[in-house]
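Commentary on secondary and tertiary structure
Chain by chain, the residues run as shown.
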Amino acid sequence: MGLIVQKFGGSSVADAERVMNVAGIVTDTYKKGNDVVVVVSAQGDTTDDLIEKANEINPKAAKREMDQLLTAGEQISISLLAMAIEKLGCPVISLLGWQAGFNTNSIYGSARIKHIKPNRLQAEIAKHNIVVVAGFQGINRYDDLTTLGRGGSDTSAVAIAAALKADKCQIYTDVEGVYTADPRKVDNAVKLKEITYDEMLELATLGAQVLNNRSVEMAKKYGAELEVLSSLNPIPGTIVKEAAKMEKMLIRGVTMDKDVALVSILNLQDTPGIAFKIFSKLSSKNINVDIILQSFGRDGTKDIVFTVNKDNGPVAVELLKGLLDDDCKIVCNTEVAKVSIVGAGMESHPGTASKMFEALYESNINIQMISTSEIKISVIIDADSADRAVSAVHRAFIPGE
Ligand code: ADP
Ligand code: ASP
Ligand code: MG
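Residues numbered from 1 in each chain as written. Chains lettered and ligands numbered in written order. Predicted model: local features only at pLDDT ≥ 70, side-chain atom pairs only at ≥ 80, totals over all residues. Heavy atoms only, no water.

What about the overall build of the protein?
Note the threshold: Every helix listed is a DSSP run of H or I at least four residues long, and every strand listed is a run of E at least two residues long, numbered separately from the N terminus. We compute the radius of gyration from the C-alpha atoms alone; for a globule the expected value is 2.2 Å times N to the 0.38, where N is the number of residues. The classification of residues rests on relative accessible area computed with a 1.4 Å probe and restricted to protein chains. Under 20% of the type maximum is buried, over 50% is exposed, and intermediate values are partly exposed. Note on contacts: a residue pair is in contact if any heavy atoms of the two residues lie within 4.5 Å. Exposure was quantified through the Shrake-Rupley algorithm and a 1.4 Å probe, taking into account, for residues, occlusion by the shown protein chains and nothing else. When charges are tallied, Lys and Arg are placed among the positive residues and Asp and Glu among the negative ones, while His and the ends of the chain are skipped. Working definition for charges: the position is that of NZ of Lys, CZ of Arg, CG of Asp or CD of Glu.
When helices and strands are counted, the protein shows 11 helices and 18 strands. Its C-alpha atoms give the protein a radius of gyration of 23 Å, within 12% of the compact-globule value 21 Å for 401 residues. Looking at the protein as a whole, 51% of its 401 residues qualify as buried. Long-range pairs, those at least 24 residues apart, make up 74% of the contacts in the protein between residues at least 6 apart in sequence. A total accessible area of about 19,400 Å² is found for the protein, and carbon and sulfur atoms account for 49% of it. Side chains of the protein carry 43 positive and 51 negative charges; the gap between the two charge centres is 4 Å.

Set out below in structure tokens:
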């Protein structure tokens, strides 16, 4: 018995049958004597559909209006789920983000949670209500609705678990846990029993959609243990927790991210301060740079190549054209992908990088850039080769069961 936060993603509540299935899971948990707070996402592809509707009218719509629109998706799913729980005979109330006390900053489209005022949530729990909360949304200091960025309902759930010091935070989704690679793309991906916060954070940041990276960051900060599990198959999932007492695996997973643009600046003058000039310009426009590579200077010139999110590639090129000499050539390639391996064991295991590069070589895949940290190695390759690359690298490190 305790307080359990359960989060259900869009596919888990996609239609009436799925909503009833979720209501069954929630009420079973409640009937065992637990207090339950449920966080839900918009049904199925609702968020994508709403974005498409907006684009038909004004692709450059103000982000405030986009948030006003997108929060509607979760409003539908909380009320439907509350009706389903009511039908199964349990006391229930649905709350929008602001009603549940989610206060955020004002960055529309990717707002950060500042704090949760837990009074209403606590009062409803004290009345023995199951509380169904709209994920992905909050309110800013101007009383405007905000959204937390795509996949943000995971973060809403972890934030509630942290604010209420819940005993458990369960993230129900459409796969049975966190796998060594996307199980929809790699046939012999293996389900992990457990994974550390740091490894999960890297996987999520490097493209494993199964958990939103901010939710993992927050879970680590508050020591909230997460379980990722299936809403359709009631078997144990994957536990995300502290590294202590966990066996170090060489490689915990392989990821792919196609949301990448590669910007090359060729023929730059080899003078001090040029890198500062370029990257301070990009940061002043909130453009986040990922991997940076600079060539040795020769004949007074050098090249700088870097990656950004796909959308930011053309924006970066325009900014830099206005900043640098006409002698430089600035090009943007959006047909690239980042493939990464993540594992805490690689720190103490020489030869990990060469094994990854060998797997790519044997598949005749050319590496354009490499970046490493203590627990990950990423390469930039042609987008066309990305699926093959993930399979080849996965085969090299994680033999089939
Ligand atoms: P939800 O709607 O429940 O939030 P998401 O679509 O955001 O679900 O995330 C679940 C999806 O993440 C899975 O369907 C799977 O295709 C994808 N995925 C990518 N990488 C992984 C991985 N390493 N382990 C599990 N799922 C992954
Ligand atoms: N509905 C939002 C999205 O599609 C939030 C979420 O699913 O977590 O991104
Ligand atoms: Mg998700």
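Having put the structure on the table, let's press on.
Thoughts on the site of ligand 1
Under the convention used in this document: We call a residue near a molecule or strand when any one of its heavy atoms sits within 4 Å of it. Polar contact criterion, stated in full: a pair of N or O atoms within 3.5 Å, where within protein one must be able to donate a hydrogen and the other to accept it, and residues adjacent in sequence count only if both atoms are side-chain atoms. Gly is put with the polar residues, along with every residue not named as nonpolar or charged; the nonpolar set is Ala, Val, Leu, Ile, Met, Phe, Trp, Tyr, Cys and Pro, and the charged set is Asp, Glu, Lys and Arg.
The local shell around ligand 1 holds 17 residues, among which T173, D174, Y179, D182 and R184 are the closest. A distance of 2.7 Å is found between an oxygen atom of ligand 1 and a side-chain nitrogen or oxygen belonging to T173. Here D174 contributes a side-chain N or O atom positioned 2.9 Å from an oxygen atom of ligand 1. Protein chains bury 87% of the 570 Å² of accessible surface belonging to ligand 1 in isolation. In the shell around ligand 1, the residues fall into 8 nonpolar, 5 polar and 4 charged.

A look at the packing of helix α5 (residues 153–163) against helix α7 (residues 213–222)
Stated precisely, the cut-off is as follows: Here an axis means a line fitted to C-alpha atoms, over the contact stretch when the element is a helix, while the angle between two N-to-C directions is reported on a 0 to 180 degree scale. Geometric relationships in this document are graded by angle, where less than 35 degrees denotes roughly parallel, more than 145 denotes roughly antiparallel, 65 to 115 denotes roughly perpendicular, and other angles denote oblique. Here is the rule for handedness: rotate from the far helix to the near one, and if that takes an anticlockwise turn smaller than a right angle the crossing is left-handed, while a clockwise turn gives right-handed.
It is the contact of α5 with α7, at a shortest axis distance of 8 Å, that shows an interaxial angle of 15°. Judged on the interaxial angle alone, α7 and α5 are roughly parallel. As for how α5 packs across α7, the hand of that crossing is left-handed. The segment α5 lies against α7, with D154, T155, V158, A159 and A162 engaging R214, S215, M218, A219 and Y222. Class assignment of the residues belonging to the contact of α5 with α7 gives a composition of 6 nonpolar, 2 polar and 2 charged.

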